[in-house]
Amino acid sequence: MSGAEKINVTVSAVVPLNELVTRFEFKRTDGALFPTFSGGAHTVVEMKDDGLTRLNPYSLMSDPQDQQTYAISVRRDDEGRGGSLFMHNNVKVGDAMVVSNPVNLFSLDLRAKKHLMIAGGIGITPFMAQIKQLDRAHGNWELHYATRNAALGTYVDELTSTHPNDVHIYYDDDKNFIDLENLLDGQPLGTHIYVCGPKGMIDWVRGKTAELGWPLESVHYEEFLAPQPGKPFEVKLSISNKTIQVGENESLLEALEREGVDAPYLCRGGACGQCETSVIGYDGKFLHMDHWLEDDEKASGTKIMPCVSRFEGKTLVLDR
Amino acid sequence: MTIQFKDETFRDDYTFSNSDWAIKRFPFPFHEDSYMYAVNMEQHRGGPDGSVYEKRFDVDEHYVSEMRDRAMVLADDPLRCQSLPHMTLAGWDLLELIMVSKSEDYPDLFELHRDGDQWHWINKPLGIDDKFTFLDETSLPYGPMEYITRQTQGDFCVLDQRDDNLWMDAGIVTTQADWSLDFDIGMNFFEWHAPVPLAHEKGIFVRALKFLLNIQQGAPARRLNWTMTVNPLLDTSPENYHKWGIQKTSLTPENIGQKQHLRVELQTFFRLPRSNALVFPIRAYLASFDDLMTVPKWGRRLHRVIRDLPEELATYKGFIDNRPMMLDYLSRYDDGKPTSDGIWPNLDTDPPRD
Amino acid sequence: MSKFEFPEAIKSRPTYGTLEARPGKAHLFVADAEGAEAIIDLAKADSGLMAKSHVIYIPKDTGDKFVSQLQDLGINQLYVGPSFEAAQTRLQRSLADAHMGLQVYLCGTEGLMGQAQRDAMAAGIPHTAIQTEHRGSVARRMQCVHCKGITEDVMTDPFVCSHCGLNLFVRDHYSRRLAAFQGVCIDAEDPGNVPPSAELYS
Ligand code: HEM
Ligand code: FES
């Protein structure tokens with residue numbers, strides 16, 4: 001058994017929110033209650049796409065205490081490998097799907113004297129659940145949410161109407177940007193900052209907080225890494241004694257699974273370390289995309305994270 | 001079967017004893033004839049009928065008396081139960097996990113009725129019938145962790161997960177193998193394990209921590225650990241070591257079979273949903289040497305393990321001085337015959353003792 | 001000034017480094033006795049730092065030895081006090097008012113650093129972000145695991161608990177929350193058989 005425990009669900013609502021983002025809601029097919037979860041958790045959604053099984057992680061954005069419904073919001077990515085396109089184009093109310101138990105790699109530090117949240121675009125989703133969790137616990141929080149414009153401002157109305165004082169919205173098109181330096185200055189000791197959004201935004205917040213002397217432990221981030229398409233490549237598996245092909249639009253992990261090779265995973269996004277695999281031999285170059293391996297490990301050519309990383313070259317032999 | 005709860009003591013006159021049923025299901029910790037620290041973890045998804053692995057939280061004949069002993073320890077020393085302020089949510093998670101598990105696994109002993117956040121809990125063996133509001137601390141006589149673990153055998157550590165580590169930020173510890181919650185609370189995984197010999201060097205804790213950080217909701221794990229205790233004393237705490245330490249010198253060749261106990265901890269790991277914390281129940285089982293010798297395989301194996309155990313481990317576990325006397329006793333039960341793999345007694349298939 | 005090299009020990013035992021100036025608008029120092037020398041060294045290395053700093057200094061048995069040198073460093077706010085207990089509310093008050101980015105520097109004896117670190121952690125600074133440098137005495141602050149009493153400035157092993165009178169041996173196991181090492185009864189299994197005390201690290 002690899003990955004988180006599975007739950008059979010039925011799609012109970014498909015709600016387009018704007019041109020790019022749609023919310024999908026699920027009920028359990030067996031009528032039982034969903035497990036509760038902690039704000040920031042994701043679920044891995046299984047998609048049967050024309051013979052190919054895709055497993056994509058999405059942040060749970062429903063109320064963590066709501067055991068009737070799980071909800072995710074998916075942004076359509078026309079460039080990607082098609083997971084989000086599949087959700088947008090093929091998934092309809094009443095469809096049977098499979099999701100995993102919640103896994104949290106972006107949890108709140110419950111000791112924080114204040115939670116300062118920075119969201120960029122679709123990065124708002126984990127905060128939707130965290131805010132519900134904190135509201136129930138009377139937590140001290142503040143959200144700064146940057147998005148392109150009002151038309152693409154997913155959940156802006158809901159957030160500003162329920163929390164007019166704690167939610168601050170910034171529209172890029174209005175040239176209205178988060179004044180980070182000012183925002184960080186004067187935050188009380190014991191504040192924790194959380195960032196979810198594009199890589200540039202995460203790097204910006206990490207860089208600025210370091211410059212201002214914030215402890216690393218007070219800075220939390222979740223970057224949505226989707227596996228990127230790439231050139232097909234061949235892999236030899238020494239334990240299962242197989243040679244497999246990784247296609248242009250599938251990840252190495254998905255190729256392993258297609259071939260029935262048991263390969264562990266949790267996040268499928270290069271963050272948790274669970275899928276770490278030893279390289280036995282290679283002739284070519286690695287395309288490491290994960291956040292897990294240290295730079296020297298990446299350079300050493302002895303490890304690869306199959307959920308997001310790829311390979312270009314003649315031969316690659318893995319310990320699987 | 002219905003469990004016959006015993007009325008017995010774990011101190012002073014030590015009336016504790018195991019029934020034949022309890023001996024046969026004792027979690028003997030050695031799957032082979034030697035022992036060394038290892039990352040010995042497996043899934044906790046049930047086990048053979050009647051075994052201590054079968055249920056999520058095992059309840060046995062010692063339940064009622066163990067809970068009485070815990071209440072006495074806490075009355076003497078309330079610092080055995082502590083929860084740092086950010087761990088209250090995890091305490092509710094634990095309360096829910098135990099109440100749901102016990103009422104499903106032992107419907108004749110425990111009942112849980114839920115109507116939204118209005119909960120009704122019935123614990124028949126302890127005569128408890130309480131109604132309370134879930135997530136409202138004012139509706140329970142203790143904090144949620146203390147409330148439920150005063151009704152559950154075994155110690156509990158509740159670990160906060162952050163910064164790629166686990167932090168012992170809450171717990172109730174009254175049946176420990178000589179370590180102090182009051183001292184260790186707030187430490188991380190490597191710090192509270194600091195006194196353990198050899199295992200750090202072997203990389204065991206680094207690998208074990210990686211495994212634990214990835215334990216998922218609905219996928220608990222378990223392992224066994226063991227030590228030796230003279231007399232069936234549950235509370236072998238450092239706090240009271242100046243009182244009980246002397247008992248270790250009371251062994252004689254005549255009384256060792258009754259007094260010397262193998263102490264086995266069934267340790268389980270559950271991810272807690274609302275808090276993303278991890279709970280680590282440590283359930284201690286005691287069996288006297290005489291109890292264990294009723295199973296020929298265990299007699300042979302225990303002798304070989306204790307004989308060959310590295311000195312560092314025998315010292316850390318606190319029985320180096322008594323080891324020669326233990327071996328004199330145990331060697332009488334080792335006829336040199338082979339033992340089968342695994343921990344189970346295998347009374348029908350392993351050879352009878354000469 | 002030579003520094004004491006602590007031998008390698010178990011993983012709960014704190015280790016100490018050498019103070020370095022870190023980025024940040026506000027800087028808080030807590031030092032005792034020879035710890036003053038670490039501040040003086042740092043001020044030499046980074047001349048601008050002291051003008052942004054608040055220093056809480058407890059001379060202990062060094063008396064006036066370092067006080068005038070500290071006064072000459074151009075420290076923005078310098079407090080010289082008789083004991084950590086006396087200075088503690090002042091420290092807690094400064095932390096309560098502080099903002100993210102505050103840098104905390106502790107130097108001197110283990111007991112002082114441990115107690116100041118505990119206050120800084122309670123205010124929300126992770127222990128890894130607090131700098132420490134050991135100077136001066138190697139005496140330890142010990143908790144008696146039996147009666148829970150703290151004995152300050154323990155220099156010998158074994159020692160007598162200043163509260164319950166048990167003979168305790170000195171462990172390396174250390175609790176940041178208590179800011180103390182653990183002392184455990186040495187003659188529990190053989191009452192009265194207490195080995196002679198030896199000076200720590202002798
Ligand atoms: C997160 C859950 C865990 C907690 C709270 C925990 C706690 C402890 C504590 C308090 C001790 C006593 C240390 C002392 O002497 O002061 C201990 C001992 C030990 N632990 Fe853990 N532990 C955990 C998980 C593990 C795991 C997963 C392993 C796996 C290899 C492990 C291996 C050991 C070993 C080998 C010892 C020495 C035991 C002996 O020889 O009697 N622990 N643990
Ligand atoms: S599955 Fe998490 S890093 Fe690959």
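Here the structure is a predicted model, which is why all the values come from computation and not from measurement.

Caption draft 1: Summary view of the coordination of the iron atom of ligand 1. The protein gives the iron atom of ligand 1 a lone donor atom, H193(B) (NE2), placed 2.0 Å from the metal. Its place among the elements puts H193(B) in the loop between α6 (189–192) and α7 (204–213).

Caption draft 2: A look at the packing of aromatic side chains. What the rule picks out here adds up to 41 aromatic pairs over all chains. Measuring from ring centre to ring centre gives 5.7 Å for F6(C) and Y201(C), while their planes differ by 65°; the resulting arrangement is edge-to-face. Residue F6(C) is found in the segment before β1 (27–32), and its partner Y201(C) is found in the segment after β12 (198–199); the two are separated by 195 residues along the sequence. Chaining the aromatic ring pairs together yields one cluster made of F26(B), F28(B), F30(B), Y35(B), Y37(B), W226(B), W298(B) and F319(B). The cationic tip of K55(B) hangs over the ring face of Y106(B); the distance from NZ or CZ to the ring centre is 5.4 Å.

Caption draft 3: Focus on the pairing of strand β9 (residues 260–271) of chain B. Residue and element names in this part refer to chain B. When you tally the buried positions in β9, you get 12 out of 12 residues, the bulk of the element. Along β9, one buried face is formed by Q260, L262, V264, L266, T268 and F270 and the opposite face, lined by H261, R263, E265, Q267, F269 and R271, is buried too. As judged from the 10 bridges shared by strand β8 (residues 221–230) and β9, these two strands associate in the antiparallel manner. For L224, the partnering residue across the bridge sits in β9 and is L266. Across 9 bridges, β9 lies against strand β10 (residues 278–288) in antiparallel orientation. When the bridges of β10 are listed, R263 appears paired with L286. Taking the residues that link successive antiparallel strands as the turn, the β9-β10 hairpin has 6 residues, and the phi of N276 there is positive, at about 60°.

Caption draft 4: Seen up close, the domain arrangement of chain C. Residues and elements named next belong to chain C. Domain assignment breaks chain C into domain 1 (27–134) and domain 2 (140–199). Relative to domain 2, the C-alpha centre of domain 1 lies at a distance of 28 Å. If you look at the interface, domain 1 gives 10 residues, while domain 2 gives 10 residues. Between domain 1 and domain 2 the total buried area reaches about 740 Å² when both faces are included, carbon and sulfur atoms providing 47% of it. Its largest share of buried area at the contact with domain 2, domain 1 owes to E110, Q115 and R118, together 48% of the area lost on that side. Counting every contact that joins domain 1 to domain 2 gives 1 salt bridge. One salt bridge connects D153 with K60, and the closest N-O pair in it is separated by 3.3 Å. Linking domain 1 to domain 2 there are 4 residue pairs in polar contact (both at pLDDT 80 or more). If you tally residues by element for the side of domain 1 that touches domain 2, the top one is helix α4 (residues 110–122), at 7 residues.

Caption draft 5: Highlighting the confidence of the model for chain C. Counting all residues, the mean pLDDT for chain C is 96, and 99% of those residues have values of 70 or more. Scored by ipTM, the complex comes to 0.96, with pTM at 0.93.

Caption draft 6: Geometry of the sheet that holds strand β5 (residues 128–133) of chain B. All names here are of chain B. Across the sheet, 3 strands lie side by side as β3-β4-β5; this open sheet has antiparallel pairing. With partners counted over all chains shown, the strands left at the sheet margins are β3 (110–115) and β5, one partner each. For this sheet, the mean angle separating the axes of adjacent strands, direction not counted, is 10°. Here β3 pairs with strand β4 (residues 118–123) via 6 bridges, running antiparallel. Each bridged residue has a counterpart across the sheet, and for E111 the counterpart in β4 is I122. Across the sheet, helix α3 (residues 88–105) touches β3, β4 and β5, and the angle it forms with β3 is around 120°.

Caption draft 7: Representation of the pairing of strand β7 (residues 150–154) of chain C in the model. Two elements, strand β6 (residues 140–144) of chain C and β7(C), share 3 bridges in a ladder whose sense is antiparallel. Bridge pairing in β7(C) links Q143(C) to I150(C).

Caption draft 8: Expanded view of the environment of D58(B). Residue and element names in this part refer to chain B. Tracing the sequence through the fold places D58 in the loop between β1 (42–43) and α2 (63–76). Once residues lying within four places of it in the same chain are set aside, the contact partners of D58 are R25, V52, Y106, Q153, R283 and Y285. There is a polar contact of 2.7 Å between the side chain of D58 and the side chain of Y285.

Caption draft 9: Region of interest: the side chain of T236(B). Residues and elements named next belong to chain B. Its place among the elements puts T236 in the loop between β8 and α8 (241–244). When its relative accessible area of 5% is taken as the criterion, T236 is described as buried. Here Q176 takes part through its backbone oxygen, which lies 2.6 Å from a polar atom of the side chain of T236. Residues within four places of T236 in sequence aside, it is in contact with Q176, A177, D178, T229, W244 and R263.

Caption draft 10: Highlighting the packing of helix α3 (residues 84–97) of chain C against α4(C). All names here are of chain C. Where α3 meets α4, the axes come as close as 10 Å, and the angle between the chain directions of the two elements is 30°. Between α3 and α4, the crossing angle belongs to the class labelled roughly parallel. Crossing hand, α3 versus α4: right-handed. Of α4, the residues touching α3 (which contributes F84, E85, Q88, L91, Q92 and L95) are L112, Q115, A116, D119 and A120.

What counts, and where the lines are drawn
- Every residue gets a number counted from 1 within its own chain, in the order that chain's sequence is written.
- Working convention: letters from A go to chains and numbers from 1 go to ligands, in the order in which they are written.
- Since the coordinates come from a predicted model, pLDDT governs what is reported: local features require at least 70, and pairs of side-chain atoms require 80 or more to be given and counted, while whole-chain, interface and lining totals use all residues.
- As a rule here, side-chain values come from all non-hydrogen atoms in the structure, and water together with hydrogens is ignored.
- Only nitrogen, oxygen and sulfur atoms qualify as donors, and only when within 2.8 Å of the metal (3.2 Å in the case of Na, K and Ca); with water excluded, sites may look incomplete.
- A run of H or I in DSSP becomes a helix once it reaches four residues, and a run of E becomes a strand once it reaches two; helices and strands are each numbered from the N terminus.
- A pair of Phe, Tyr and Trp rings is counted when the ring centres sit within 6.5 Å of each other, with Trp represented by its six-membered ring. The angle between the planes then sorts it: under 30 degrees is stacked, over 60 is edge-to-face, the rest tilted.
- The criterion is that NZ of a Lys, or CZ of an Arg, lies within 6 Å of the ring centre and within 35 degrees of the ring normal, and then a charge sits over that ring.
- For every residue, the accessible area (1.4 Å probe, protein chains only) is compared with the maximum for its type, and the residue is labelled buried under 20%, exposed over 50%, or partly exposed between those bounds.
- What makes two strands pair is DSSP finding at least two bridges between them.
- Where each domain starts and ends comes from a domain assignment, either automatic or drawn from a database.
- Residue contacts are counted whenever heavy atoms from the two residues lie within 4.5 Å of one another.
- Buried area counts how much accessible surface, traced with a 1.4 Å probe, disappears from two parts once they are put together, with both parts' losses summed.
- Salt bridge criterion: a side-chain nitrogen from Lys or Arg within 4 Å of a carboxyl oxygen from Asp or Glu.
- For this analysis, a polar contact is any N or O atom pair within 3.5 Å, provided that within protein one partner can donate a hydrogen and the other can accept it, and provided that sequence-adjacent residues contribute only side-chain to side-chain pairs.
- Note on scores: pLDDT gives the predictor's confidence for each residue, bounded by 0 and 100.
- Comment: axis = line fitted to C-alpha atoms, over the contacting stretch for helices; angle = value between 0 and 180 degrees taken between N-to-C directions.
- We call two directions roughly parallel when the angle between them is under 35 degrees, roughly antiparallel when it is over 145, roughly perpendicular when it lies between 65 and 115, and oblique otherwise.
- Note: crossing handedness is left-handed where the near helix turns anticlockwise from the far helix by less than a right angle, and right-handed where it turns clockwise.

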